[in-house]
Amino acid sequence: MASIVKFDHVSKVFGGKIVAVNDVSLSIAEGEFVTLLGPSGCGKTTLLRMLAGFEAPSSGQIELAGEDVTHLPPYKRNVNMVFQDYALFPHLTIQKNVAFGLERLRMDREEIGKKVRATLDLVDLSDKADRKPHELSGGQRQRVALARAIVREPKVLLLDEPLSALDANLREAMQVELKHLHERIGLTFVMVTHDQTEALVMSDRTVVMHNGAIVQVGAPAELYDRPATTYVADFVGTSNLLQGVVQKVNGVAAEVAVGSASLRCTPRGEVAAGQEVIVGFRPEKLRLLGASEKPDKDWNVFEANVGEVLFHGSSVRMRCKLASGEQIVCDMQLGTSAAASGIPEQGSKVRFTMDPASVPLFTEDDRA
Amino acid sequence: MNRLSRDGLVRAIVCFTPILWAIAFMFVPYVIILTYSFWTKKFPTFLPDFQFGNYALIFFDPQYVSVLMRTGKIALFVTAAALLLAYPFAYFLVFRVKSAKVRGLLYMAVIAPLWVSYLLRAYTWKTILGNNGVLNSFLVSIGILDEPTDVFLYNQFSMVVTLTYIFIPFMVMPIYTALEKIPKNLIEASKDLGIGPWGTFWKVVWPLSLPGVIAGATFTFCLTFGDFVAPVLVGGPDGVMVANIITSQFGSALNWPLGSALAIVVLIIVLSIIEMSDRVQRAGRIDLA
Amino acid sequence: MVSATLKERAGNGVFGTVIACILAYLYLPILILVIFSFNDSSSLTLPLKGFTWQWYETLFNNSDLLQALRNSFYVAISATTLTLLIGVPAAFALDRIRFPGKTVFRRLVLLPLVLPGIITGISMLNLFKLVGFQLSLETVIIGHATALISIVVTQVFARLQRLNRSLEEAAADLGARPWETFFFVTLPNIRSALIGSALLSFTLSFDEIPVTFFLTGRDNTLPMYIWSTLRRGITPEINAVGTLIILGSLVMIVLSVSMLRPQDE
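Residues numbered from 1 in each chain as written. Chains lettered and ligands numbered in written order. Predicted model: local features only at pLDDT ≥ 70, side-chain atom pairs only at ≥ 80, totals over all residues. Heavy atoms only, no water.

Quick look at the overall build of chain C
Thinking step 1. From N to C terminus, chain C includes eleven helices and zero strands.
Thinking step 2. From first element to last, N terminus to C terminus, chain C shows the α and β order α-α-α-α-α-α-α-α-α-α-α.
Thinking step 3. At 23 Å, chain C has a C-alpha radius of gyration far larger than the 18 Å of a compact globule built from 265 residues.
Thinking step 4. Each of the three principal axes of chain C carries a C-alpha extent, and together these read 75 × 70 × 30 Å.
Thinking step 5. Sequence separation of at least 24 residues holds for 72% of the intrachain contacts in chain C that already meet a minimum separation of 6.
Thinking step 6. The averaged location of the 16 negative side-chain charges in chain C is 7 Å from the averaged location of its 19 positive side-chain charges. (Helix = DSSP H or I, 4+ residues; strand = E, 2+ residues; numbered from the N terminus. Rg over C-alpha atoms; globule rule 2.2 N^0.38 Å. Contact = heavy atoms within 4.5 Å. Lys, Arg positive; Asp, Glu negative; His and termini not counted. Charge placed at Lys NZ, Arg CZ, Asp CG, Glu CD.)

Here it is as structure tokens:
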């Protein structure tokens, strides 16, 4: 697949000392939906703004469709952005807002009218064409911002936290709507978000950033199942991260002492006996063993005391304590009826079992 | 041309005119009066010199000292009077008037006189307070006075009434803005904690509105201090202020060096007051964000 | 509960009285000014003597006054234009450009807000005398502009600070060149501050005395004309001019309120 955006060793330093983006190289394929994910201050927004042309990189090069755009001003780049606060022009009607970008192309009036109408149709806002932005709801404004950006048929559509101003229900609906829109118009989408659910639900590929650098790039499932570092493991979804020491290595598995328990794990790289490591596993990978149930012989088994039990509707989250004091979190899906599933009571002793394949090991190098 | 240098050019052009204007018509003139203030008067002109005689005169000749003191006194009275009237007004508007429309209307009603000629507003008081004025003829016609009195006009009382009248909008505006910014839930919280209305006012509302009060007082004091219209219209001999003395130095007295020195003194007084109020505001700033 | 509402009512009563007194203090004098412009007597005393247009008639036959009025319009319009031409770039410079001496520049430009007009007047008088400028309406215009730039700068600067910068980025993103962004996005969004400060500058320039007093040559502006007649004594004719000026101010207020109604945001 042809790459449409290429960051080549791009760095951005503000005021001579604050490194916002640190030597980022990334290639985005045409038609891809890529998400830049990370907490605030990780450099994701700066990276996006450099692609839009609002910031110039301190070093490195940015290519757009094979052309070097590193120092091109925003108005000469064929990318368009959906702003976090939408940045709709308050003095113009919806129709004029959407037409703004086309008028700058010196396009003929009739042509503009046609395109504006088609795009407003696409986002289902034809009946609001003559309204002003302040007369619209948050969700509608969001769609205007989208229409205004895509009507110019940019090479890449940039989305800066596009859903953050919406309330929870609307946000979920818009996630799906955006994803459908992406499939329908086949544009390349680059979205910035701090919300990992959004990234996992919507994107083809997610770029996890931390302290101005890329930590891991991958499809959502890959990030979730095989996080490269403890940082990714914790930021994308929830992880139990426990300190341990490697006892023994045999082939692809390693045996690690975690407090009083011993766990079989799957290291990502080379580990040696005696090495200090971090064991990570997802709360939902734990399975509760019934009192008389026999575990699979290759699986890990350990005991814990149930602390708090939080009812989440379709599942239950339990905070448990290992005999040696480590805290872990366990999610339990509930069956047809919550009452019938036998939720363990607070203070009771339970046994957990877990597949060694779902227990990755992180070494010092993976801690970031 | 590349983008950066063109940006720079646009920036330079944007800055150029205002900066040039500020230098030519503000900075240079101030430097000139500063220079003149050290010159000597030698009838019928003035000689370049560097001496402090003009300043010595201002600070040691009782005639000038008393004018400065009187100007300060009147400005203080006006500031106090304006504050006493403006604060309850603004408070009532912000906290008691429920309808936003009525509130806006009343606020406009106080600000609107600013748009009406300042000269006329001073003049109308002359017609009201004068010996043959409206107030006198009214009091005579209803029998309270037997004959017109001249106690109303040409004294410091008439000055304070007129100047307060003229400058009160400058007091209302910042106080209103400051009061409006106070979150209503702070007052509810204070009541919820069992603090009575007076306690809530002195412990919550007043401290938070102080920046507005200081701004309003600074404006009112400085504007009154330099006024030269009201003294001529309603002041009389007892109401001569420093601006009138300056005017006469540039007019009939023809002593530009002394006038310049007086102007510099006024300038320094005004600047120190602004600086002081700036400092107080900065030190007392309470972040509501 | 009952006592609380009673107390509140009593409080509202007290406050209502205060408000009424202040409004009376503000408007009674203006009302008196207007009433006496129609009073059929050359002295301004009660009781009123009957209605007349006489003072307005003499007014419109007074060629000096009419000339002063024309001069005032000329001065106020020119000074307002100048304040915009200088004040708007100054506000932009203060908002978004870093340059050496910015703090000094800001203080200098804003100084006339609180500085007595007389200081501006005499300092500029000194300058003009020094460089040998003939005092005229033009020097008055320069003086007014200098004193009133502060009005434009504070209002436009405040608006620019509140202006959402992503609007301008959005414009650039949509292909607008810098000048297009300025004219199609920035300017329409600071419109209210521009109109508001222009109207205020016009009004203040139209009424200005201290600066005009020092900088005018043989020509008089309207307030200067009134000022000089006033010193000879008060006549109902001045009330008539005053009433017309108040009418004009009213128009300006209505204009500014209707044009500045918040429409977007």
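Describing the interface of chain C and chain B
Thinking step 1. Each partner contributes residues to the interface: chain C has 79 residues there, and chain B has 74 residues.
Thinking step 2. Each partner contributes to the roughly 7000 Å² buried at the junction of chain C and chain B, and carbon and sulfur atoms together form 81% of this total.
Thinking step 3. Summed over the shared surface of chain C and chain B, the number is two salt bridges.
Thinking step 4. Between chain C and chain B we count ten residue pairs in polar contact (both at pLDDT 80 or more) in total.
Thinking step 5. With 17 residues, the top contributor of residues to the side of chain C that touches chain B is helix α1 (residues 2–36) of chain C.
Thinking step 6. Its residues assigned to classes, the side of chain C that touches chain B shows 60 nonpolar, 13 polar and six charged. (Buried area = accessible area lost by both parts, 1.4 Å probe. Salt bridge = Lys/Arg side-chain N within 4 Å of Asp/Glu carboxyl O. Polar contact = N/O pair within 3.5 Å; in protein donor to acceptor, adjacent residues only side chain to side chain. Nonpolar A, V, L, I, M, F, W, Y, C, P; charged D, E, K, R; others polar.)

Things to note about the environment of R121 of chain B
Residues and elements named next belong to chain B.
Thinking step 1. By secondary structure assignment, the location of R121 is in helix α5 (residues 118–129).
Thinking step 2. In this structure R121 comes out as buried when scored by relative accessible area, which is 4%.
Thinking step 3. Excluding residues that lie within four positions of it along the chain, R121 makes contacts with P113, L114, V116, Y165 and I166. (Buried < 20%, exposed > 50% of the residue type's maximum accessible area, 1.4 Å probe, protein only.)

Comments concerning a nonpolar patch on the surface
Thinking step 1. A cluster of nonpolar residues, L28, L31, I35 and L48 of chain C, forms a patch on the protein surface that exposes about 350 Å² of accessible area.
Thinking step 2. With respect to the helices and strands, I35 of chain C occurs in helix α1. (Patch = residues over 30% accessible without salt bridge, like charges linked within 9 Å, V, L, I, M, F, W, Y side chains within 5 Å. Areas by Shrake-Rupley, 256 points an atom, 1.4 Å probe, with all protein chains shown as cover.)

Details of the side chain of E32 of chain A
Residues and elements named next belong to chain A.
Thinking step 1. Mapped onto the elements of the fold, E32 is located in the loop between β2 (18–29) and β3 (33–37).
Thinking step 2. The class for E32 is buried, based on a relative accessible area of 11%.
Thinking step 3. Apart from the residues within four sequence positions on either side, E32 is in contact with H182, L187, T188, F189, D204 and R205.

Things to note about the nonpolar core
Thinking step 1. Within the largest apolar cluster, 164 residues are counted, with the highest numbers of intra-cluster contacts made by L179, V205, V229, L233 and I246 of chain B together with I119 of chain C.
Thinking step 2. No other element matches helix α3 (residues 62–96) of chain B, which puts 16 residues into this core.
Thinking step 3. Among the domains, domain 1 (1–36) and domain 2 (51–288) of chain B are the pair contributing at least three residues each to this core.
Thinking step 4. With 49 residues, the next largest nonpolar core counts V156 and M209 of chain A together with L163 and A171 of chain C among its residues. (Core = buried A, V, L, I, M, F, W, Y, C linked by side-chain atoms within 4.5 Å. Domains from an automatic or database assignment.)

Describing the domain arrangement of chain A
All names here are of chain A.
Thinking step 1. Examined at the domain level, chain A breaks down into domain 1 (3–234) and domain 2 (238–366).
Thinking step 2. Here the C-alpha centre of domain 2 lies 39 Å away from the C-alpha centre of domain 1.
Thinking step 3. Facing ten residues of domain 1, the contacting portion of domain 2 comprises ten residues.
Thinking step 4. Across the domain 1/domain 2 interface, buried area totals approximately 910 Å², and carbon plus sulfur atoms make up 46% of it.
Thinking step 5. Per-residue buried area on domain 1 facing domain 2 is highest for Y224, T230 and A233; these three make up 53% of the total on that side.
Thinking step 6. Joining domain 1 to domain 2, the criterion identifies four residue pairs in polar contact (both at pLDDT 80 or more).
Thinking step 7. Listed by contribution, the elements that provide at least two residues to the side of domain 1 that touches domain 2 are α7 (220–225) and α8 (230–235).

Concerning the pattern of salt bridges
Thinking step 1. A full pass over the atoms with the stated rule returns 19 salt bridges over all chains.
Thinking step 2. With a closest N to O distance of 3.9 Å, K96 of chain A and E103 of chain A form a salt bridge.
Thinking step 3. In this structure E103 of chain A comes out as partly exposed when scored by relative accessible area, which is 27%.
Thinking step 4. Residue R107 of chain C pairs with E275 of chain B through a salt bridge whose shortest N-O separation is 3.1 Å. You can see R107 of chain C sitting in helix α4 (residues 102–110) and its partner E275 of chain B sitting in helix α12 (residues 256–283), one on each of two chains.
Thinking step 5. A relative accessible area of 42% places R107 of chain C in the partly exposed class.
Thinking step 6. Accessibility expressed as a relative area gives 24% for E275 of chain B, which makes it partly exposed.

Comments concerning the environment of V88 of chain C
Residues and elements named next belong to chain C.
Thinking step 1. Relative to the assigned elements, V88 resides in helix α3 (residues 63–96).
Thinking step 2. Exposure remark for V88: the relative accessible area of 13% places this residue in the buried category.
Thinking step 3. Through-space distance from the C-alpha of V88 to that of V156 is 6.7 Å; in sequence the pair is 68 residues apart.
Thinking step 4. Each residue touching V88, except ones within four places of it in the same chain, is listed here: T83, V152, V156 and L194.

Comments concerning the side chain of Q249 of chain B
All names here are of chain B.
Thinking step 1. Structurally, Q249 can be placed in helix α11 (residues 242–250).
Thinking step 2. Taking the relative accessible area as the measure of exposure, Q249 reaches 6% and is therefore buried.
Thinking step 3. Those residues in contact with Q249 that sit more than four places away from it in its chain are Y64, L254, N255, W256, L258, G259 and L262.

Examining the sheet that holds strand β19 (residues 349–354) of chain A
Paired through their backbone hydrogen bonds, the strands of a sheet run either parallel or antiparallel.
All names here are of chain A.
Thinking step 1. Taken in spatial order, the five strands make up an open sheet running β15-β19-β16-β17-β18, and their pairing is antiparallel. Every interior strand has two partners, whereas the edge strands, β15 (287–289) and β18 (327–333), have only one. For this sheet the average axis-to-axis angle between neighbouring strands, irrespective of direction, equals 50°.
Thinking step 2. Bridge count between β15 and β19: three bridges; the pairing is antiparallel. (Pairing = 2+ DSSP bridges. Axes fitted to C-alpha atoms, helices over the stretch in contact; angles between N-to-C directions.)

A few points about the pairing of strand β4 (residues 59–64) of chain A
Residue and element names in this part refer to chain A.
Thinking step 1. Pairing of strand β1 (residues 3–14) with β4 involves five bridges; the strand directions are antiparallel. Bridge pairing in β4 links S11 to S59.
Thinking step 2. Here β4 runs beside strand β5 (residues 67–68); their pairing, made up of two bridges, is antiparallel. Note that in β5 the partner of L64 across the bridge is E67.
Thinking step 3. Hairpin geometry of β4 and β5 is characterised by an intervening segment of two residues between the two adjacent antiparallel strands and by a positive phi of about 50° at A65.

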